[in-house]
Amino acid sequence: MERRSLTATILVHLAALVLLVVILTPVVWLFVMSISSTPDLIAKPLHWWPDTVDLSRYGVLLSSVANSAGEAFVASLFNSIKVAGMATVAALIVAVPSAWAVSRTPSVGWSLYAVISTYMLPPVALAVPLYMTLSWAGLLNNVFGLALVYLTILAPFTTWLMKSGFDSIPHEIESAATMDGARLDQILRLITLPLAAPVMATAALFAFLLAWDEFFYALLFTSDQRAKTLTVAIADLAGGRVSDYGLIATAGVLAALPPLLAGLFMQRALIAGLTSGGVKG
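Numbers given to residues run from 1 along each chain, matching the order in which its sequence is written. Per-residue local features of the predicted model are confined to residues with pLDDT of at least 70, and side-chain atom pairs are confined, for both listing and counting, to 80 or more; whole-chain, interface and lining totals are unaffected and use all residues. Excluded from the side-chain calculations are hydrogens and water; all other atoms, namely the structure's heavy atoms, are used.

Draft legend 1. Focus on the overall build of the chain. The helix and strand labels rest on DSSP assignments: H or I over at least four residues marks a helix, E over at least two residues marks a strand, and numbering proceeds from the N terminus. Within the chain, the regular secondary structure consists of 14 helices and zero strands. Dimensions along the principal axes, computed over C-alpha positions, put the chain at roughly 75 × 65 × 30 Å. Whether two residues are in contact is decided by their heavy atoms, any of which lying within 4.5 Å being enough. The long-range fraction of contacts in the chain, counting pairs at least 24 apart against all pairs at least 6 apart in sequence, stands at 70%. Reported accessibility uses the Shrake-Rupley method at a 1.4 Å probe radius. Residues are deemed covered only where the shown protein chains occlude them. Of the roughly 16,900 Å² of accessible surface on the chain, 72% is carried by carbon and sulfur atoms. Charge assignment: positive for Lys and Arg, negative for Asp and Glu; neither His nor the chain ends contribute. Taken as the charge location is NZ of Lys, CZ of Arg, CG of Asp or CD of Glu. Side chains of the chain give 14 positive and 15 negative charges; the mean places of these two sets differ by 3 Å.

Put into structure tokens, the structure is as follows:
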């Protein structure tokens, strides 16, 4: 095995440390803001750590008092979970057979790239037709309608990710199963999908994150707590004449927890899916 020099090792560790600081500093500062009192936030010089830890904002946002900021925030939190969850599941249902068909039939690969090319369009170009369609179907300000809109965003993306996973699975395995008398549904259920499980988990996680962070369509197609998502609710906190930046930071911390927990839970599958097909031999 080739040994790395001491200088190269030090440089690698320094680069990793710098990357870690760049990534974690905004997150740490967001948390510090969430537990800082208003005087600490506006103090000059800046307080890097609050004189007194204030956790009251978490209680405000997680309260269930009627007509309060907490009630609106919790409702939007559950709306985001519903919309992102439904859109992710629907995207996988569409992406798995589509990606497998494109992977096993290269002659139709142009169709995938044609669909992905729709990402070149700015979201505002599709806003009016989508709004009219949802209005006609009675799905404005509805979590199912918003999930349907997100599906149009997630399906091409997840199909593209899943195709790379199916490409790394040798065709010979499926051919051997066919020669043994296995049906197509058995091949997919017992052979192909288990082998592609890490890529499916990766695609699901990235699709969930895309839906969780989406703001533009959620702002246009929702109007109240029945369907308003977390990104819009956080923007509403900054919409007044006087903004409580500590409260906004607290909302950001709470909004980051579900994706963080999902990423930690699916960490092994995520790493396996990202490295799938990277080494062949």
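More follows now that the structure is in view.
Draft legend 2. Seen up close, helix α7 (residues 143–167). Each helix should span, by expectation, one fewer than its residue count multiplied by 1.5 Å. Compared with the 36 Å implied by 1.5 Å per residue over 25 residues, the 34 Å span of α7 between its first and last C-alpha is a close match. At leucine 154, α7 shows its largest bend, some 35°, and a proline, proline 156, comes one to four positions later. Type-normalised accessible area, obtained with a 1.4 Å probe on protein chains alone, sets the label of each residue: buried when under 20%, exposed when over 50%, and partly exposed for intermediate values. For α7, the buried fraction is high: 18 of the 25 residues fall into the buried class. Under this definition, polar contacts are N or O atom pairs within 3.5 Å; protein pairs additionally need one hydrogen-donor-capable and one acceptor-capable atom, and for neighbouring residues in sequence, both atoms have to be side-chain atoms. The backbone nitrogen of phenylalanine 144 has a side-chain oxygen 2.7 Å away, supplied by the residue at the start of α7, namely asparagine 142. Note on bend: at a given residue it equals the angle between the axes fitted to the 7 residues ending there and to the 7 starting there.

Draft legend 3. Region of the structure containing unusual backbone geometry. Looking along the chain, the bond that leaves lysine 44 and enters proline 45 is cis, with omega of 0°. The phi dihedral of asparagine 141 is positive, around 55°, even though this residue is not glycine. Turning to its location among the elements, asparagine 141 is positioned in the loop between α6 (123–137) and α7. Since its relative accessible area comes to 10%, asparagine 141 is described here as buried.

Draft legend 4. Region of interest: the nonpolar core. In plain words, nonpolar cores are sets of buried Ala, Val, Leu, Ile, Met, Phe, Trp, Tyr and Cys residues tied together by side-chain atoms within 4.5 Å. Judged by nonpolar contacts, the single largest core of 34 residues is most densely connected at Val149, Tyr150 and Phe221. Breaking this core down by element, the ones donating at least two residues are α3 (56–61), α4 (69–104), α6, α7, α10 (197–213), α11 (216–221), α12 (230–237) and α13 (245–265). Take this core: its biggest share by element is eight residues, from α7. Not counting the four nearest positions on each side in its chain, phenylalanine 221 is found in contact with Ala127, Leu130, Tyr131, Leu134, Leu140, Asn141, Leu146 and Val149. Formed by 14 residues, the second largest nonpolar core is a distinct cluster that contains Leu92, Trp100, Leu161 and Met162.

Draft legend 5. Structural context of the packing of aromatic side chains. Centre distance within 6.5 Å is the pairing criterion for rings of Phe, Tyr and Trp, where only the six-membered ring of Trp is used; planes under 30 degrees apart are then read as stacked, over 60 as edge-to-face, and the remainder as tilted. Counted by the stated rule, this structure contains six aromatic pairs. Arranged with centres 5.7 Å apart and planes meeting at 5°, the rings of tyrosine 217 and phenylalanine 221 form a pair that is stacked. Linking tyrosine 217 with phenylalanine 221, this pair stays in helix α11, spanning four residues, or about one helical turn. Just as tyrosine 217 is buried, phenylalanine 221 falls in that class too. Here a set of aromatic residues connected by ring pairs shows up, and it is made of Tyr131, Phe216, Tyr217 and Phe221.

Draft legend 6. Molecular detail of the confidence of the model for the chain. The pLDDT value expresses, per residue, how confident the predictor is, ranging between 0 and 100. Here the chain shows a mean pLDDT of 85. Residues at 70 or above account for 92%. Mean pLDDT per element in the chain: helix α14 (residues 267–275) is the minimum at 60, and α11 is the maximum at 93. Here residues 277–281 is a poorly scored stretch, pLDDT under 50, and it has three contacts once near neighbours within four places are set aside; other chains count.

Draft legend 7. Looking closely at the pattern of salt bridges. Salt bridges are counted wherever a side-chain nitrogen of Lys or Arg sits within 4 Å of a carboxyl oxygen of Asp or Glu. In this structure the tally under the stated criterion is six salt bridges. A salt bridge links arginine 57 to aspartate 244; the shortest N-O distance between them is 3.6 Å. With arginine 57 in helix α3 and aspartate 244 in the loop between α12 and α13, the pair connects residues that are 187 residues apart, well separated along the chain. Of the charged contacts, one joins glutamate 174 and arginine 104 as a salt bridge, the two residues approaching to 3.0 Å between their closest N and O atoms.

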